[in-house]
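# Architecture and fold: a report
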Amino acid sequence: MKIVGGPASQLLASRTARALGTEPVLCEFNRFPDGELYLRIADEIKNESVTLIQSTPTDSDFVSLLQLIDACNEAKELNVVIPYMGYSRQDKRFKPGEPISARAAARCINADRVFTVNIHEKSVLGYFPCPAKNLDAAKLLGEYIAGFGLESPILVAPDEGAEGLVKKVSSGLGFDYDHLQKTRLSGDTVTIKTKNIDVTGRHVVLVDDMIATGGTMTESIKMLKDQGAVDVYLACVHPVLARNAVLRLFNAGVKDIIATDTLEKSESILSVAPLIADALKDLQ
Ligand code: R5P
């Protein structure tokens, strides 16, 4: 099986290829003088199984994925791995007249199967025109946090939506866990209310699927520190970390940020390559 990495997932594709005992196929990424994207897979793709790995945090990354899919038109079998899928949060029509952007994006993916990693809403999987499976990085996060050796940490989800994730991250590791109550006021402003969690003198790890503007985590960190937490770590699958998110989080007093390489940032210290490699081995 050939592994092809798009521009947003070069490291993850390389790690996945290595985990499968192969090397990633070389690709060229460039732009035409008018700004349009140019891409070339530097290998002939004909009558063989190919796996594309490309996250889509930006519109350009999405176009690159479409170009990669088209370049593999003559593959015998095509798997598309979208470790972080942009637009997955617009999974329904919140106001009249809005598109279901996740559906619009998913419908364009012409492949034999799709894999995502901790997609924001599993219902989005049903929008792909082919079978789609979500891989779960919760166990990887949990094992990494356990490796810190923190004394009696408590894992906290910033909202009810992340409660399922925090429960899975804690599973089998004996961590306490709970969730806060979030109300979103705008794209980058939220209010967080505490439940009756006593964090006095405790190490807290806030867990969410993604950190985007950092608004959710900033408010949560401040509140937990005010309530006497010793230190607050952040763990997420997708470090979107838009605009000045990192500064906001450190300004709020975060101890450290742990994330996976579904998006390739300096915080991406944990690789989901073994998850993807195992899913691809299962196909053989
Ligand atoms: C929302 O439901 C997600 O799970 C995250 O909580 C959210 O996307 C984080 O966004 P931000 O970092 O902009 O507050």
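Here the structure is a predicted model, which is why all the values come from computation and not from measurement.

Thresholds, definitions, all that
Residues numbered from 1 in each chain as written. Predicted model: local features only at pLDDT ≥ 70, side-chain atom pairs only at ≥ 80, totals over all residues. Heavy atoms only, no water. Domains from an automatic or database assignment. Contact = heavy atoms within 4.5 Å. Buried area = accessible area lost by both parts, 1.4 Å probe. Salt bridge = Lys/Arg side-chain N within 4 Å of Asp/Glu carboxyl O. Polar contact = N/O pair within 3.5 Å; in protein donor to acceptor, adjacent residues only side chain to side chain. Helix = DSSP H or I, 4+ residues; strand = E, 2+ residues; numbered from the N terminus. Nonpolar A, V, L, I, M, F, W, Y, C, P; charged D, E, K, R; others polar. Axes fitted to C-alpha atoms, helices over the stretch in contact; angles between N-to-C directions. Parallel < 35°, antiparallel > 145°, perpendicular 65-115°, else oblique. Left-handed = near helix turned anticlockwise from the far one by under 90°. Near = heavy atom within 4 Å. Phe/Tyr/Trp six-rings, centres within 6.5 Å; stacked < 30°, edge-to-face > 60°. Buried < 20%, exposed > 50% of the residue type's maximum accessible area, 1.4 Å probe, protein only. Core = buried A, V, L, I, M, F, W, Y, C linked by side-chain atoms within 4.5 Å. Arc of directions from axis to C-beta.

Next up on the list: the domain arrangement of the chain. By domain assignment, the chain separates into domain 1 (2-136 + 272-281) and domain 2 (138-261). On the side of domain 2, 12 residues touch domain 1, which itself brings 12 residues to the contact. The largest contributions to the domain 1 side of the interface with domain 2 come from Tyr84, Asn118 and Asp136, which together make up 44% of the buried area. The interface formed by domain 1 and domain 2 contains 2 salt bridges. At the junction of domain 1 with domain 2, the criterion picks out 7 residue pairs in polar contact (both at pLDDT 80 or more). Contributions of two or more residues to the side of domain 1 that touches domain 2 are made by helix H1 (10-19) and helix H8 (273-281). Of the residues contributing to the side of domain 1 that touches domain 2, the split by class is 7 nonpolar, 2 polar and 3 charged.

Our focus in this paragraph is the packing of H1 against H8. Axis separation between H1 and H8 bottoms out at 8 Å; the angle between their running directions is 50 degrees. Classified by the angle their axes make, H1 and H8 are oblique. Viewed along their axes, H1 and H8 form a crossing whose handedness is right-handed. In this structure, H1 uses Leu12, Arg15, Thr16 and Ala19 to contact H8, whose residues at the interface are Ala273, Ile276, Ala277, Leu280 and Lys281.

This brings us to the site of the ligand. Around the ligand sit 14 residues in total, of which Arg89, Asp208, Asp209, Thr213 and Thr216 are the nearest. Between Thr213 and the ligand, the recorded distance is 2.6 Å, taken from a side-chain N or O atom to an oxygen atom. Secondary-structure elements contributing two or more residues to the shell around the ligand are strand E10 (181-186), strand E12 (203-211) and helix H6 (215-226). Of the residues in the shell around the ligand, the class split is 3 nonpolar, 5 polar and 6 charged.

Glancing now at the packing of aromatic side chains. A full pass over the atoms with the stated rule returns 3 aromatic pairs. Taking the centre distance of 5.5 Å and the plane angle of 75 degrees together, the rings of Tyr144 and Phe148 count as edge-to-face. Taking relative accessible area as the criterion, Phe148 reaches 29% and is therefore assigned partly exposed. For the pair Phe148 and Tyr233, a centre-to-centre distance of 5.2 Å together with 45 degrees between the ring planes defines the contact as tilted. Within this pair, whereas Phe148 is found in the loop between helix H4 (138-146) and strand E8 (154-157), its partner Tyr233 is found in strand E13 (residues 231-239), the two being separated by 85 residues in sequence. The class of Tyr233 is buried, set by a relative accessible area of 10%. Here the aromatic cluster, defined as three or more aromatic residues joined through ring pairs, consists of Tyr144, Phe148 and Tyr233.

Ranked by internal contacts, the top residues of the largest apolar core, which has 33 residues, are Leu155, Val169, Val205, Val207 and Ile276. Looking at this core, the elements that each hand over two or more residues are H1, strand E6 (113-117), H4, E8, helix H5 (163-170), E12, E13 and H8. Per-element tally for this core: the top contributor is H8, with 4 residues. Residue assignment places this core across two domains, with domain 1 (2-136 + 272-281) and domain 2 (138-261) each supplying three or more. Excluding anything up to four places from it in sequence, Leu155 contacts Ile145, Val166, Val169, Ser170, Phe175, Asp176, Tyr177, Asp178, Val205 and Val207. Counting 29 residues, the second largest nonpolar core, distinct from the first, contains Val25, Leu39, Ile109 and Val124.

Residues of H8 that are buried: Ala273, Ile276, Ala277, Ala279 and Leu280. Taken around the axis of H8, the buried residues stretch over an arc of 160 degrees, which confines them to a single face. In this structure, the buried side of H8 is in contact with strand E1 (2-5), H1, strand E4 (49-53), strand E5 (77-82), E6 and strand E7 (132-135).

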